[in-house]
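Structure assessment
Residues per chain, in single letters:
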Amino acid sequence: MATDAARADTFPKLLIRNARRYAGRPAYRHKDLGIWQVWTWEEVLEEVRAYAAGLARLGLKRGDTMAIVGSNRPKLYWSVTAAQMVGAVPVPVYADAGPDEVAFVLAHSDARFAAVEDQEQVDKLLSIAERLPKLERIVYDERRGLRDYDHGRLRAIADVIADGRGALAEEPALGQGLDREIDAGRGSDRSIILYTSGTTGQSKGVVLSAIGCINAASDTVAFDQLTAGDEALAYLPLAWVGDHYLNYAQALVAGFCIACPESADTAMQDMREIGPTFFFAPPRVFEQMLTGLMIRMEDAGPLKRRLFHAFLGVARRYGEKILNGERVPIAGRMLYALGEFLIYGPLKNVLGLSRVRTAYTAGEAIGPDLFSFYRSIGLNLKQLYGQTEAFLYLTAQPDGKIYADTVGAAMTNVDLRIAENGEILFKSPGMFVGYLKDEARTAEVMTADGYVKTGDAGFIDPKTGHLKIIDRAKDVGRLNDGSLFSPKYIENKLKYYPNIREAVVHGDAHDFVCAMLNIDLGAVGSWAERNNIVYGSYQELAGHPLVYDMLARHVEEVNRSLAEEEAMARAQIRRFLILHKELDADDGEVTRTQKVRRGFVAERYAPFIKALYDGSREADISTDVTFEDGRKVTLSARVKIRDVETVPVPVLEKVA
Amino acid sequence: MNSGRYSLRSSGRNDDGEGHGATRPGGRDIAAGDVLLAVEDVSLAFGGVKAVTGVSFDIRKGEIRAIIGPNGAGKTSMLNVINGFYQPQRGRITFRGRPRPHMRPYEAALGGIARTFQNVALFKGMTALDNIMAGRTLMMRRGLLWQLLRLGPALTEETHHRHRVEEIIDFLKIQHIRKVQVGKLPYGLQKRVELGRALAMEPDLLLLDEPMAGMNLEEKEEMSRFILDVNNHYGTTIALIEHDMGVVMDLSDRVVVLDHGIKIADGTPAEVQGNQAVIEAYLGPEPSR
């Protein structure tokens with residue numbers, strides 16, 4: 001298979017190979033109108049060829065860029081391949097991006113065509129049309145609501161495919177021309193441009209080469225032994241590098257099937273129906289699944305609850321060891337097997353994880369308890385680390401060597417180095433070609449000998465040989481007494497609590513550390529219900545004194561944990577407040593992949609930070625809230641500040 | 001299921017929602033803009049309580065008609081008269097060109113009039129999907145025995161109805177609750193399911209009784225969007241009772257204002273808004289200087 005993939009050096013060529021080799025096997029599924037539709041590899045090739053022919057007839061040429069805006073749908077994935085067939089470069093955009101973001105990406109990438117999901121996206125593009133003089137054609141998947149629109153520039157994708165199909169049947173020359181274009185594709189061609197929503201500054205367009213993508217994907221397919229019989233659910237944003245890697249690249253390389261859920265709301269139900277064999281989710285999703293489970297367990301009968309907790313204890317004792325292949329006494333194994341039958345099996349079934357052979361998480365640190373929980377019930381959950389510039393995978397945990405606090409060993413063919421200042425550098429098969437139209441920043445991010453700077457600080461754990469991430473290199477700072485301050489390290493400890501959805505700590509160039517917290521509405525809401533606490537809005541719940549008490553206890557626990565580590569002992573949190581609203585990507589406070597934009601948040605919540613450090617008991621603020629359609633509204637709040645206990649640390653000499 | 005007296009209405013709607021296909025029994029085809037339903041001099045009294053007195057107005061095909069008025073004005077009674085729940089003592093209703101003396105609710109339904117209720121009248125123990133399927137009952141041709149055995153034609157028919165219902169579920173974005181027992185759903189979603197059930201009938205005239213009642217701003221905007229979409233996409237004529245003035249002004253083409261059972265204004269939202277009698281009905285008469 002490796003040699004085959006090597007011969008096929010672009011994704012369209014891989015599709016042709018798959019249609020030949022896996023002809024009748026399912027390639028794409030989509031739940032529509034309540035039933036699962038399926039397309040085999042042969043059928044997909046036929047559709048995508050017709051689509052490419054149709055697009056060519058509409059004027060799409062080699063070298064053009066085509067924006068893809070929408071959620072996970074077969075026709076949008078096919079838009080990527082169809083564009084690549086013609087030699088055009090797809091540029092996916094986040095479906096929930098506001099008009100300004102979309103305008104930036106399309107203008108920056110000079111997009112001539114756009115393939116979008118539905119009326120909402122069409123409206124968004126039409127509303128910014130004057131800012132996009134180069135945009136000529138918009139094709140859409142879902143017809144609803146678009147009947148009466150002016151179709152001068154608009155066309156339904158189904159119509160484009162039908163037109164292409166008809167033309168291919170009538171003019172053999174068209175088919176030959178298309179085949180020539182596909183053959184003319186080279187591994188060195190630009191295969192896709194993924195805009196990375198930077199935590200600082202404007203988005204950058206990461207350009208990836210076809211052969212880079214395919215080589216990287218081939219390595220990980222071999223690493224995880226993925227085959228054409230596997231199934232995955234495509235539910236994470238299409239514009240995210242992880243989706244393009246896991247669901248597009250790996251699927252084309254290995255030949256497995258991608259299932260697109262009916263809608264974002266039904267994703268978890270659909271997962272149960274599909275029973276994927278490979279699963280990726282950010283830690284947040286794993287946490288939500290567990291919280292949801294625990295909440296439902298609270299409502300179960302006493303016998304079930306007792307059984308549940310008893311067997312979870314068994315799992316805690318033996319589960320991970322069994323999964324890791326370590327020695328476990330016979331009695332333990334039997335008990336665990338009983339637990340599998342009664343509890344863990346049905347549990348995994350409800351979550352849709354029954355058939356998952358390999359599960360990954362990445363993006364932020366996962367709480368060790370959460371990680372252990374899933375492994376203990378038999379889910380092979382592992383961590384990986386990477387970034388868009390690497391085309392995702394830099395490190396991953398191999399089976400049998402799983403630790404809660406590392407992100408794994410370097411992936412096959414990835415050359416990882418730690419610079420003197422602790423920054424992680426890499427060279428990898430999938431590494432990017434450069435930032436689109438931004439040689440300056442491309443050069444900034446490369447070292448003299450061709451390594452890419454990740455911007456993350458980390459070290460190789462001597463015990464395990466695995467990489468451990470500390471923080472974003474830029475964010476590591478120092479308190480006024482010279483002690484090390486790594487905000488992410490502290491925030492991760494805080495976020496391990498289901499009640500805390502997001503945390504932003506502050507301390508660089510200050511005397512002590514303060515925290516701004518977001519509560520998790522699901523977890524805290526259900527806790528409030530069970531404790532007869534009444535609230536009328538998120539803001540009210542976030543300001544409730546009992547909620548503050550609960551979070552203060554969490555913060556104090558974190559302080560105790562920090563006190564145990566010499567390097568972190570001085571970075572204990574002294575004061576905190578609970579934010580009156582969730583940090584939101586639409587407000588620019590977090591990226592589309594939920595990473596906090598530290599600088600922006602510090603600016604916006606400056607009144608809070610000032611109050612935290614000047615000893616005030618309360619702080620006022622007025623913030624702008626942006627809705628998805630771009631409308632802005634001002635939200636005012638008065639937020640309480642709480643002091644918490646810290647563990648006293650013996651006064652050391654001031655660190656040089 | 002039904003007696004077979006009324007022929008199966010072939011649903012001529014394709015995925016693009018291009019209007020009605022075949023004609024409904026009883027009445028002629030009405031062109032867009034012509035009068036679909038006319039209420040003439042209708043009076044309804046419950047003993048001494050005069051709910052509605054001498055009210056006349058019409059509803060034109062394809063429009064969104066609002067019926068407004070302060071509490072107790074007789075709006076729901078008016079709707080119930082149109083629907084056939086109440087028989088007026090005086091006056092008559094003309095639907096699709098034919099007068100309808102003593103129309104029963106099921107005759108109204110067969111004729112193409114669907115409605116929703118102020119306090120949500122769904123089958124609480126059934127799932128959302130089943131509730132909306134229930135709205136297809138009048139279109140099911142095969143009898144009880146056929147449906148029990150689920151043989152050939154009954155199966156084809158059920159698949160067809162299920163397809164239509166799934167389109168409505170897709171339209172109203174309730175895929176994630178299609179198998180949830182309706183009684184467990186929050187109020188806003190229940191209202192949406194009820195709207196779905198009314199739409200399942202593929203009505204010519206949709207009567208909405210306070211569709212926004214008990215909703216917050218976000219829910220109201222969503223419901224308004226759905227009502228507009230129903231009017232646009234399916235071409236359904238809509239008559240709605242509503243208290244939220246903003247919604248009424250934004251959504252409706254024409255407005256009828258009732259007060260104490262009497263019609264006091266009739267016209268476009270702008271006309272009605274400036275009407276002195278309407279202002280007085282809501283706010284009370286101007287204090288005399």
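Residues numbered from 1 in each chain as written. Chains lettered and ligands numbered in written order. Predicted model: local features only at pLDDT ≥ 70, side-chain atom pairs only at ≥ 80, totals over all residues.

A few points about the overall build of chain A
Note the cut-off: Think of it this way: any DSSP run of H or I at least four residues long counts as a helix, any run of E at least two long counts as a strand, and we number them from the N terminus. Taken over C-alpha atoms, the radius of gyration is set against a globule rule of 2.2 Å times the number of residues to the power 0.38. Remark: C-beta atoms are placed from the backbone, and a residue is labelled buried if 20 or more other C-beta atoms sit within 10 Å of its own, exposed if 12 or fewer do, or partly exposed between those counts.
A tally of regular secondary structure across chain A gives 22 helices and 28 strands. Its C-alpha atoms give chain A a radius of gyration of 26 Å, near enough to 26 Å, the size a compact globule of 656 residues would have. Principal axes of the C-alpha set define a box for chain A whose edges measure 80 × 65 × 55 Å. Counting across all 656 residues of chain A, residues that qualify as buried make up 48%.

Points about the environment of Phe 371 of chain A
Residues and elements named next belong to chain A. Rules: Whether two residues are in contact depends on their C-beta atoms, placed from the backbone: they are in contact if these lie within 7 Å.
Position of Phe 371 among the secondary structure elements: in helix H15 (residues 368–376). Between the alpha carbons of Phe 371 and Thr 361 there is a distance of 9.4 Å; along the sequence they are 10 residues apart. Once residues lying within four places of it in the same chain are set aside, the contact partners of Phe 371 are Ile 366, Leu 381 and Ala 404.

Focus on the sheet that holds strand E18 (residues 423–427) of chain A
All names here are of chain A. Under the convention used in this document: Here the rule is simple: two strands pair whenever DSSP picks up at least two bridges between them. For helices, the fitted axis covers only the stretch in contact; all axes are lines through C-alpha atoms, and the angles between them, taken along N-to-C directions, range from 0 to 180 degrees.
Across the sheet, which stays open at both edges, the four strands sit in the order E17-E18-E20-E21 with antiparallel pairing between neighbours. Looking at which strands have only one partner, the edges of the open sheet turn out to be strand E17 (415–418) and strand E21 (467–472). Taken pair by pair, the neighbouring strands of this sheet meet at an average axis angle of 45°, ignoring direction. Where E17 and E18 come together, four bridges link them in antiparallel fashion. If you follow Ile 418 over to E18, its bridge partner there is Ile 424.

Some points on the domain arrangement of chain A
All names here are of chain A. Inclusion rule: Segment limits for the domains were obtained from an automatic or database-derived domain assignment.
What the domain assignment reports for chain A is domain 1 (2–280) and domain 2 (476–643). Here domain 1 and domain 2 have C-alpha centroids that lie 39 Å from each other. Each partner contributes to the interface: domain 1 provides 10 residues, whereas domain 2 provides 10 residues.

Concerning the domain arrangement of chain B
All names here are of chain B. Spelled out, the test is: Under the scheme applied here, ten amino acids are nonpolar (Ala, Val, Leu, Ile, Met, Phe, Trp, Tyr, Cys and Pro), four are charged (Asp, Glu, Lys and Arg), and all others, including Gly, are polar.
What the domain assignment lists for chain B is domain 1 (33–112 + 203–243 + 254–284) and domain 2 (123–202). On a C-alpha basis, the centroid separation for the pair domain 1 and domain 2 is 26 Å. Each side of the interface is counted separately: domain 1 has 11 residues, and domain 2 has 10 residues. Element by element, the count of residues in the side of domain 1 that touches domain 2 is highest for helix H7 (residues 217–234), at four residues. Counted by class, the side of domain 1 that touches domain 2 contains nine nonpolar, one polar and one charged residues.

Some points on helix H22 (residues 606–613) of chain A
Residue and element names in this part refer to chain A. Test applied: As used here, the arc is the angular range of directions from the helix axis to the C-beta atoms.
By the burial criterion, the buried members of H22 are Phe 608, Ile 609, Ala 611 and Leu 612. Buried residues of H22, viewed axially, fall in a sector of 165°; they line one side. Across from the buried face of H22, at angles greater than 90 degrees, the exposed residues are Ala 606 and Lys 610. Phi turns positive one or two residues past the end of H22, at Gly 615, with a value near 85°.

So, the pairing of strand E6 (residues 137–140) of chain A
All names here are of chain A. Relative to E6, strand E5 (residues 111–116) is paired through four bridges, and the arrangement is parallel. Directly across from Phe 113, in E6, lies its bridge partner Arg 137. Relative to strand E7 (residues 154–156), E6 runs parallel, the two being bridged by three bridges. Paired with Tyr 140 across the two strands is Ala 156, which belongs to E7.

Here we look at the nonpolar core
In plain terms, the rule: Joined through C-beta atoms within 7 Å, a set of buried Ala, Val, Leu, Ile, Met, Phe, Trp, Tyr and Cys residues constitutes a nonpolar core.
Ala 52, Met 66, Ala 67, Ile 68, Val 93, Ala 114 and Phe 391 of chain A are the most contacted members of the largest nonpolar core, which totals 146 residues. For this core, the leading source of residues is helix H3 (residues 41–58) of chain A, giving 10 residues. Look past the residues within four positions of Val 93 of chain A in its chain and what remains in contact with it is Ala 67, Ile 68, Val 69, Val 102, Val 105 and Ala 239 of chain A. Within the second largest apolar cluster, 69 residues are counted, among which are Leu 36, Leu 37, Met 78 and Val 272 of chain B.

Points about the packing of helix H13 (residues 302–324) of chain A against H15 of chain A
Geometrically, a packed helix pair is captured by the angle between its two axes and the distance between the axes. Residue and element names in this part refer to chain A. Going by this rule: In what follows, roughly perpendicular refers to angles from 65 to 115 degrees, roughly parallel to angles under 35, roughly antiparallel to angles over 145, and oblique to any angle outside these ranges.
Interaxial distance between H13 and H15 falls to 8 Å at its minimum, and their mutual angle equals 70°. For the element pair H13 / H15, the angle class is roughly perpendicular. On H15, the residues that touch Ala 315, Arg 316, Gly 319, Glu 320 and Leu 323 of H13 are Ser 372, Arg 375 and Ser 376.

A few points about the sheet that holds strand E26 (residues 573–578) of chain A
Residues and elements named next belong to chain A. Taking strand neighbours across the sheet as the criterion, the five strands line up as E24-E25-E26-E28-E27 in an open arrangement whose pairing is mixed. For this open sheet the edge positions go to strand E24 (500–506) and strand E27 (618–626), each flanked by a neighbour on one side alone. Averaged over all adjacent pairs, the angle separating strand axes in this sheet is 30°, with direction ignored. Of the pairings in the sheet, the one linking strand E25 (residues 513–519) to E26 comprises five bridges and is parallel in character. By the bridge assignment for E26, Met 516 is matched with Leu 577. Here H22 sits on the sheet in contact with E24, E25, E26, E27 and strand E28 (632–643), set at roughly 165° to E27.

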